[in-house]
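Fold and geometry: a report
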Amino acid sequence: MPALALHAQAEGARSLSGSVTDKAGNKIKGAVVHLKDTRSLAQRSYITPDDGSFRFAQVSGNSDYEVWADLNGKRTPSKSISSFDTKQTVEMTLKLPD
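Below you will find a few notes about this structure. (Residues numbered from 1 in each chain as written. Predicted model: local features only at pLDDT ≥ 70, side-chain atom pairs only at ≥ 80, totals over all residues. Heavy atoms only, no water.)

Focus on the packing of aromatic side chains
As enumerated under the stated definition, the model contains 2 aromatic pairs in all. Residues Y46 and F56 carry aromatic rings whose centres are separated by 6.2 Å and whose planes lie at 65° to one another, so their mutual orientation is edge-to-face. Within this pair, whereas Y46 is found in strand 3 (residues 43-47), its partner F56 is found in strand 4 (residues 53-59), the two being separated by 10 residues in sequence. The class of Y46 is partly exposed, set by a relative accessible area of 31%. Look at F54 and F56: their rings are 6.3 Å apart centre to centre, the planes differ by 55°, and that puts the pair in the tilted class. Assigned by exposure class, F54 and F56 land together as buried. Ring pairs connect the aromatic residues Y46, F54 and F56, which therefore count as one cluster. (Phe/Tyr/Trp six-rings, centres within 6.5 Å; stacked < 30°, edge-to-face > 60°. Helix = DSSP H or I, 4+ residues; strand = E, 2+ residues; numbered from the N terminus. Buried < 20%, exposed > 50% of the residue type's maximum accessible area, 1.4 Å probe, protein only.)

Next comes the structure, spelled out in C-alpha coordinates:
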(Lines give C-alpha, C1' and ligand atoms only; values in the text may rest on other atoms or scores of the structure.)
Protein backbone atom coordinates (compact mmCIF):
# COMPACT_ATOMS: atom_id res chain seq x y z
CA MET A 1 0.00 0.00 0.00
CA PRO A 2 2.79 2.54 0.67
CA ALA A 3 3.93 2.12 -2.96
CA LEU A 4 0.45 3.18 -4.12
CA ALA A 5 0.55 6.24 -1.88
CA LEU A 6 3.95 7.23 -3.27
CA HIS A 7 2.72 6.70 -6.82
CA ALA A 8 -0.33 8.90 -6.15
CA GLN A 9 1.89 11.65 -4.75
CA ALA A 10 4.22 11.43 -7.73
CA GLU A 11 1.30 11.79 -10.13
CA GLY A 12 -0.11 14.76 -8.19
CA ALA A 13 -3.34 12.89 -7.45
CA ARG A 14 -5.92 14.60 -5.29
CA SER A 15 -9.54 14.10 -4.31
CA LEU A 16 -12.72 16.06 -4.88
CA SER A 17 -15.66 15.91 -2.48
CA GLY A 18 -18.68 17.95 -1.58
CA SER A 19 -22.44 18.01 -1.69
CA VAL A 20 -25.34 18.95 -3.93
CA THR A 21 -27.98 21.20 -2.39
CA ASP A 22 -30.98 23.27 -3.36
CA LYS A 23 -30.91 27.05 -2.87
CA ALA A 24 -32.19 26.62 0.71
CA GLY A 25 -29.25 24.34 1.56
CA ASN A 26 -31.22 21.07 1.64
CA LYS A 27 -29.12 18.08 0.54
CA ILE A 28 -30.26 16.52 -2.76
CA LYS A 29 -30.48 12.75 -3.25
CA GLY A 30 -30.16 11.30 -6.76
CA ALA A 31 -28.35 14.20 -8.43
CA VAL A 32 -25.75 13.22 -11.02
CA VAL A 33 -22.40 14.95 -10.43
CA HIS A 34 -20.15 15.20 -13.49
CA LEU A 35 -16.36 15.57 -13.44
CA LYS A 36 -14.91 16.41 -16.87
CA ASP A 37 -11.21 16.62 -17.71
CA THR A 38 -11.04 19.65 -20.01
CA ARG A 39 -7.92 18.38 -21.81
CA SER A 40 -8.80 14.78 -22.59
CA LEU A 41 -12.59 15.33 -22.37
CA ALA A 42 -12.81 12.16 -20.24
CA GLN A 43 -15.77 12.31 -17.90
CA ARG A 44 -16.77 10.53 -14.70
CA SER A 45 -20.08 10.74 -12.89
CA TYR A 46 -21.44 9.99 -9.44
CA ILE A 47 -25.04 9.74 -8.19
CA THR A 48 -25.55 11.33 -4.78
CA PRO A 49 -26.91 9.17 -1.91
CA ASP A 50 -29.41 10.33 0.75
CA ASP A 51 -27.00 12.88 2.24
CA GLY A 52 -26.35 14.58 -1.12
CA SER A 53 -22.60 13.96 -0.91
CA PHE A 54 -20.16 13.05 -3.66
CA ARG A 55 -16.49 12.05 -3.83
CA PHE A 56 -14.04 11.48 -6.66
CA ALA A 57 -10.69 9.95 -5.73
CA GLN A 58 -7.48 10.01 -7.76
CA VAL A 59 -8.20 13.24 -9.62
CA SER A 60 -5.07 14.21 -11.54
CA GLY A 61 -3.31 17.32 -10.36
CA ASN A 62 -1.96 17.82 -13.89
CA SER A 63 -5.34 18.50 -15.53
CA ASP A 64 -8.05 21.14 -15.35
CA TYR A 65 -11.59 19.99 -14.60
CA GLU A 66 -15.16 21.18 -14.93
CA VAL A 67 -17.67 20.02 -12.30
CA TRP A 68 -21.46 20.31 -12.30
CA ALA A 69 -24.57 18.41 -11.20
CA ASP A 70 -27.97 17.88 -12.74
CA LEU A 71 -31.31 16.48 -11.68
CA ASN A 72 -34.64 16.40 -13.51
CA GLY A 73 -33.54 18.88 -16.18
CA LYS A 74 -32.01 21.35 -13.72
CA ARG A 75 -28.27 21.97 -13.78
CA THR A 76 -25.94 23.68 -11.34
CA PRO A 77 -23.52 26.31 -12.59
CA SER A 78 -20.20 24.72 -13.57
CA LYS A 79 -17.22 25.07 -11.28
CA SER A 80 -13.59 24.72 -12.32
CA ILE A 81 -10.61 23.00 -10.74
CA SER A 82 -7.30 24.31 -12.02
CA SER A 83 -4.09 22.34 -12.39
CA PHE A 84 -2.44 25.36 -10.70
CA ASP A 85 -4.45 24.70 -7.50
CA THR A 86 -2.09 22.63 -5.36
CA LYS A 87 -4.61 21.49 -2.72
CA GLN A 88 -4.65 17.72 -2.23
CA THR A 89 -8.32 17.80 -1.25
CA VAL A 90 -10.81 20.02 -3.05
CA GLU A 91 -14.23 20.55 -1.47
CA MET A 92 -17.24 22.27 -3.02
CA THR A 93 -20.99 22.67 -2.83
CA LEU A 94 -23.05 22.56 -6.02
CA LYS A 95 -26.42 24.36 -5.80
CA LEU A 96 -29.31 23.38 -8.04
CA PRO A 97 -31.57 26.22 -9.21
CA ASP A 98 -35.21 26.40 -8.10
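Next comes the rest of the description.
Some details on unusual backbone geometry
The phi dihedral of L41 falls on the positive side, at around 65°, and the residue is not glycine. Take L41: it is sitting in the loop between strand 2 (32-37) and strand 3. With a phi angle near 55°, Q58 is a residue other than glycine that sits in the positive phi range. For Q58, the position within the fold is in strand 4. On the basis of relative accessibility, which here comes to 65%, the residue Q58 falls in the exposed class.

Digging into the nonpolar core
L16, V20, V33, F54, V67, M92 and L94 are the most contacted members of the largest nonpolar core, which has 17 residues in total. Those elements giving two or more residues to this core turn out to be strand 1 (14-21), strand 2, strand 4, strand 5 (65-71) and strand 8 (89-95). In contact with L94, not counting residues within four places along its chain, are S19, V20, T21, V33, F54, V67, W68, A69, T76, P77 and K79. (Core = buried A, V, L, I, M, F, W, Y, C linked by side-chain atoms within 4.5 Å. Contact = heavy atoms within 4.5 Å.)

Things to note about the environment of T48
Mapped onto the secondary structure, T48 falls in the loop between strand 3 and strand 4. What makes T48 buried here is its relative accessible area of 3%. The spacing of T48 and S19 is 29 residues in sequence and 8.0 Å in space, taken between C-alpha atoms. Ignoring sequence-local partners within four residues, the contact set of T48 consists of V20, I28, K29, G30, A31, V33, S53 and F54. Engagement of the side chain of T48 in a polar contact is seen with the backbone oxygen of I28, the distance being 2.8 Å. (Polar contact = N/O pair within 3.5 Å; in protein donor to acceptor, adjacent residues only side chain to side chain.)

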